[in-house]
Structures are given as structure tokens and as C-alpha cells.
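Summary of structural features
One-letter residues, chain by chain:
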Amino acid sequence: MLRKRERFERSDVPRPNPLRPVISLVVIAVTFIILAIFLMASWQKANQMNNLNDSYLDDALYEQLDTRGPTDGSVKSDDEFSNVLILTVDDVNAEDRTLQGAQLLVRNITQNTATLVNLPLNTRMLAGESNVMLSNYFDYAGAAASIAPLTDAANVHVSHVILATDKLMEQLKDLKGPLVLALLSSSTNDLATMASDYRTSEMIGLADYLRGVGFENIKTIDAPYAEETFEDGTVVAAIDRQQLCRDLGIFVSPVAEEAPAEGDGGE
């Protein structure tokens, strides 16, 4: 007589559990939350580990005055420009920074070009109701306070400002996206030597733009100016606002209207 086989339940086979879909969804949700927290923390670190996303510099950009239009028969160009003020200092992280250079990086987005303008350190500026010299005023009032009077003196509005050492262009050459790879690379050491209203991703965007133009194709010019003297004998440089804007292509000669062909005027 055959015996009835005994059945044993296998321990390696999962038992049906009506809560399994719920548990799976909870695990997925927790994973996404942890990932989001990690990314947010990394983003915050990226902007706190250096002096980027500086609110004081960002606020100062809104203090700029309206630029003056052309006065010599020129007209404003229809091209789109995006300009950056670059202030070269000895040490961004120092409490008392020493200004070593001032430049305007003028980007013609329409033409995909870039021009670097050297501004004299003795540029004459109007701060409040007082005529001041750039280097002295920077030492006295700081970088943020110098933005509006300097861009007014040059008659060039800027969208961003960067404080950095004289190695900035070399550092921008090495700064490449995407953001995560940039943060994992040695570029973070370079970002620590800069102060700007730019965020990390925006700084990478600037580097990518200049790489597209070609760093070797960035034109460098000196701002045109005339020497003047303060009452105490200090020699200052009064930038020729009109000529500088013409040199940069912000002001252009009007396009001459074509004369009507002979006989087009009707009877």
C-alpha cells in the first residue's frame, strides 16, 4: 500500500504578502527622499564651500545706473550683450582685499564673441556726490560698493561680477561640466578662490561659453580715457564712455538707407 507523501513548505519561497506593494512603494519613496536630500546638501555645499552666490554682490548689481545712449550720431546695436565685471584681488578670502586689476568681459551673444576691457585702477568715478578714484574707493568701501560707480564710469551695464586672482582665465579653461563631475574634480579648489553672484552651475556656463568662443579668440583692449587731476594733485583716468561703447560694438554707425532706384519715385 502506497504511503501518502508528506508535504513540506519551502523556506526559500516568499509567502504571499498583501502589504508587499505598499512596502515596495515606501522603500522607493524613502530612497528618492534620501537622494533628494543628498543632492540638495551637495548643491548647498557647492555654493557654501566658496564665495559664490554672494548676496551682497548680487544686491549691488541692482544699484547700477542706467547707461547713457550714443551722442555722436551712433545708435545702439541690436545685438544681445551679457557683461561681467572682473575685479582682480590678491586674496578673495582676505578680510582686507587689495585691488590689483579691473576688467569688463563683454560678451556679444548674437555674434558669439567676447572682449576683455582693461580698466585703469585710477579710473575716476562718482560715488554719491564725490569724485573718487577706483583703487582708493575699493580700499575704503569694498567690492560691492564699487560696482555701480565703476560701471557708470565705463557706461557698460553688467549682469554679473567676479572677484578672483589673476589666474581666473586659466581656471575657467579647466572648469567643465556637468556640475557633479566639476564638484568631484579639483575645480572646487579653484572655485574657492573666487567670489561672485554666480552660482556654481552658472560659472560653469560662463566657462563653456568662453570655451565655445575659444579662449585664444577673446579680444583684449584698453579702455580709452583722458587724464584729469583732482584738487589734491591726484591724476585720474576719465574713461571716454562713448568711444568705449563704440570699440565694443555696443554703439554702431546707423545703417545707411538705400537710395531709391532711378525712376522708382513714380511720375
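Now for a description of the structure that goes with this document. This structure is a prediction, so every number in the text was calculated from the model and none was measured.

By the bridge criterion, four bridges tie strand β5 (residues 124–127) to strand β6 (residues 130–133) in an arrangement that is antiparallel. Its bridge partner being in β6, Ala127 is matched across the sheet by Ser130. Hairpin connection from β5 to β6: two residues lie between these consecutive antiparallel strands, with Gly128 at a positive phi of about 70 degrees.

Here we take up the nonpolar core. Grouped together as the largest cluster of nonpolar side chains are 37 residues, with contacts concentrated most on Leu87, Leu104, Val117, Val156, Leu163 and Leu244. Looking at this core, the element that brings in the most residues is helix α4 (residues 143–154), giving five residues. If near-sequence neighbours (up to four positions away) are discounted, Leu87 is found in contact with Leu99, Gly101, Ala102, Phe138, Ala143, Leu150, Val161, Ile162, Leu163 and Ala164. Judged by nonpolar contacts, the second largest core, of 23 residues, contains Ile162, Ile204, Tyr209 and Val213.

Looking now at the environment of Asp208. With respect to the helices and strands, Asp208 occurs in helix α8 (residues 200–213). Here the side chain of Asp208 touches Arg211 through a polar contact of 2.7 Å, side chain to side chain.

For the rest of this paragraph, the subject is the packing of helix α3 (residues 134–141) against α4. Relative to each other, α3 and α4 sit at 145 degrees, their axes nearing to 7 Å. When α3 is examined against α4, the residues Leu134, Tyr137, Phe138 and Ala141 are found in contact with a partner set consisting of Ala143, Ala145, Ser146, Pro149 and Leu150. When its residues are assigned to classes, the contact of α3 with α4 shows eight nonpolar, one polar and no charged.

Two elements, strand β10 (residues 225–229) and strand β11 (residues 235–239), share five bridges in a ladder whose sense is antiparallel. The residue bridging Glu227 from the neighbouring strand is Ala237, located in β11.

On to empty space enclosed by the protein. Scanning all chains against the criterion turns up one cavity of 30 Å³ or more. Size it by volume and the largest cavity reaches roughly 40 Å³. Lining of the largest cavity is provided by Gln64, Leu65, Asp66, Thr67, Ala148, Thr151, Asp152, Asn155, Val156 and His157. Considering only residue class, the lining of the largest cavity consists of three nonpolar, five polar and two charged.

Conventions and cut-offs
Along each chain, residue indices are assigned from 1 in the same order as the chain's sequence is written. Reporting of local features is limited, given that this is a predicted model, to residues whose pLDDT is at least 70; pairs of side-chain atoms are given and counted only at 80 or more, and all residues count toward the totals for whole chains, interfaces and linings. Hydrogen atoms and water are omitted, and side-chain values are computed over all heavy atoms in the structure. A strand pair is defined by DSSP finding two or more bridges across the two strands. Counting from the N terminus, the helices are DSSP H or I runs at least four residues long and the strands are E runs at least two residues long. Here, nonpolar core means buried Ala, Val, Leu, Ile, Met, Phe, Trp, Tyr and Cys residues that are tied together by side-chain atoms lying within 4.5 Å of each other. Throughout, exposure labels follow a simple rule: accessible area from a 1.4 Å probe, protein chains only, divided by the maximum for the residue type, with under 20% read as buried, over 50% as exposed, and the rest as partly exposed. A contact between two residues is defined here by any heavy atoms of the two lying within 4.5 Å. Whenever a nitrogen or oxygen atom comes within 3.5 Å of another N or O atom, the pair is scored as a polar contact, on the condition that within protein one atom can donate a hydrogen and the other can accept it, and that pairs from neighbouring residues in sequence are kept only if both atoms are in side chains. For helices, the fitted line uses only the C-alpha atoms of the stretch in contact; every axis is such a line through C-alpha atoms, and the angle between N-to-C directions lies from 0 to 180 degrees. For this classification, Asp, Glu, Lys and Arg are treated as charged, while Ala, Val, Leu, Ile, Met, Phe, Trp, Tyr, Cys and Pro are nonpolar and the rest, including Gly, are polar. Whether a set of points on the 1 Å grid over the protein atoms alone is a cavity depends on a 1.4 Å probe fitting there but being unable to get out, while an open set qualifies as a pocket with protein on both sides within 12 Å along at least five of seven lines; lining residues are those with an atom within 4 Å of a point. Grid points are joined across faces, edges and corners, and a volume is the space filled by probe spheres set on the points.

Purely geometric stuff here, so don't read any function into it on its own.
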